[in-house]
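Structural features, examined
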Amino acid sequence: MRDFVTPTLLIFAMSTYPTTSVFLQEAAASGGASTAAVSADDQTEADAGLTDQELDELVAPVALYPDTLLIQVLVASTYPLEVVKADRWLSENEGLTQDEITAAVEKETWDPSVGVLATAFPDVLDRMAQNIDWTELMGTAMLAQSDDVMASVQRMREAAIDAGSLVDSDEQEVSRDETEAVVILPSDPEVVYVPTYDTTTVYHQNNDALIFFGAAILMTTIFRSNNYWG
């Protein structure tokens, strides 16, 4: 998948489940992102929030993640400093086994979403850390307009379905909930695959856009106590 690059359009600057929206609102209320002093004009612009087009560009790299992984990314983005710290910690402890990493991460004070990414999805965490501008902008959007972010996720999923890119596979099941929102779940509840796709083609018709899947992530590697998981 392409890096989480902030589109030029944004430089100036789902609800898939009802419970997902609740989790995100609670995370936003706790405050994970720092605020900076801005001018009156900048503050007015910030108060207006990102437009639908800007949000669609922002969520495009992760909108097709399975729901339970997507929520980790969205919540973790409100803790950008912890994302960077966790990624750096993993780099400094490359020789540890999975069990050792899990035990060590459990002792950290990072938000549970960051802990899950560090424990089970280090590649996703690394992309967030390497593209920190994207991560910070996503976190700001989550804190200020989480409902709009989730609506954008739904728009992008609908676009991928219309393009023929988002379909059932051995790795995932695509369905709709009682509100007709698009839901993406692992085909095997005990295994999660991280999708890889090109955002310039996967959402557009008449393109040979494919979604590929990396190594399987077993649920036994993920915190059982994580409030954002499941």
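Residues numbered from 1 in each chain as written. Predicted model: local features only at pLDDT ≥ 70, side-chain atom pairs only at ≥ 80, totals over all residues. Heavy atoms only, no water.

Positive phi is not limited to glycine here, since Glu180 has a value of about 75°. Positionally, Glu180 belongs in the loop between strand S1 (172-176) and strand S2 (182-186). (Helix = DSSP H or I, 4+ residues; strand = E, 2+ residues; numbered from the N terminus.)

Turning our attention to helix H3 (residues 52-59). In an α-helix, one turn spans 3.6 residues, which is why side chains three or four residues apart end up on the same side. For H3, every residue scored as buried is listed here: Glu54, Leu55, Asp56, Leu58 and Val59. Where H3 is buried, its residues contact helix H9 (132-162). (Buried < 20%, exposed > 50% of the residue type's maximum accessible area, 1.4 Å probe, protein only. Contact = heavy atoms within 4.5 Å.)

Before going further, it helps to spend a moment on the packing of helix H7 (residues 112-120) against helix H8 (residues 122-130). Where H7 meets H8, the axes come as close as 6 Å, and the angle between the chain directions of the two elements is 120°. Overall, the two elements H7 and H8 adopt an arrangement that is oblique. Residues Leu117, Ala118 and Ala120 of H7 form the contact with H8, whose own contacting residues are Pro122, Val124, Leu125 and Met128. Here the residues of the contact of H7 with H8 are counted per class, giving 7 nonpolar, no polar and no charged. (Axes fitted to C-alpha atoms, helices over the stretch in contact; angles between N-to-C directions. Parallel < 35°, antiparallel > 145°, perpendicular 65-115°, else oblique. Nonpolar A, V, L, I, M, F, W, Y, C, P; charged D, E, K, R; others polar.)

Attention shifts here to the side chain of Asp177. Looking at the secondary structure, you find Asp177 in the loop between S1 and S2. The side chain of Asp177 sits in the buried core without any salt bridge; Arg176 is the nearest counter-charge, 7.5 Å away. Reaching out from Asp177, the side chain makes a polar contact with the side chain of Thr179 at a distance of 2.7 Å. (Lys, Arg positive; Asp, Glu negative; His and termini not counted. Salt bridge = Lys/Arg side-chain N within 4 Å of Asp/Glu carboxyl O. Polar contact = N/O pair within 3.5 Å; in protein donor to acceptor, adjacent residues only side chain to side chain.)

This part takes up the pairing of S1. Direction of pairing for S1 relative to S2: antiparallel, over a ladder of 5 bridges. Residue pairing across strands places Val174 opposite Ile184, the latter belonging to S2. (Pairing = 2+ DSSP bridges.)

Turning to the pairing of S2, a few remarks are in order. Within S2, 4 of the 5 residues are buried, leaving the element largely enclosed by the surrounding structure. Between S1 and S2, which pair antiparallel one after the other, the connecting turn spans 5 residues, and Glu180 there sits at a positive phi close to 75°.

With that settled, the discussion passes to the pattern of salt bridges. Enumeration over the complete set of coordinates arrives at 4 salt bridges. Where Asp56 meets Arg155, a salt bridge forms, and the shortest distance between an N and an O atom there is 2.9 Å. Taken together, the residues Asp56 in helix H3 and Arg155 in helix H9 connect sequence positions 99 residues apart. Here Asp56 falls in the buried class, since its relative accessible area comes to 17%. Taking the shortest distance from any N to any O, the salt bridge between Arg176 and Glu158 comes out at 2.8 Å.

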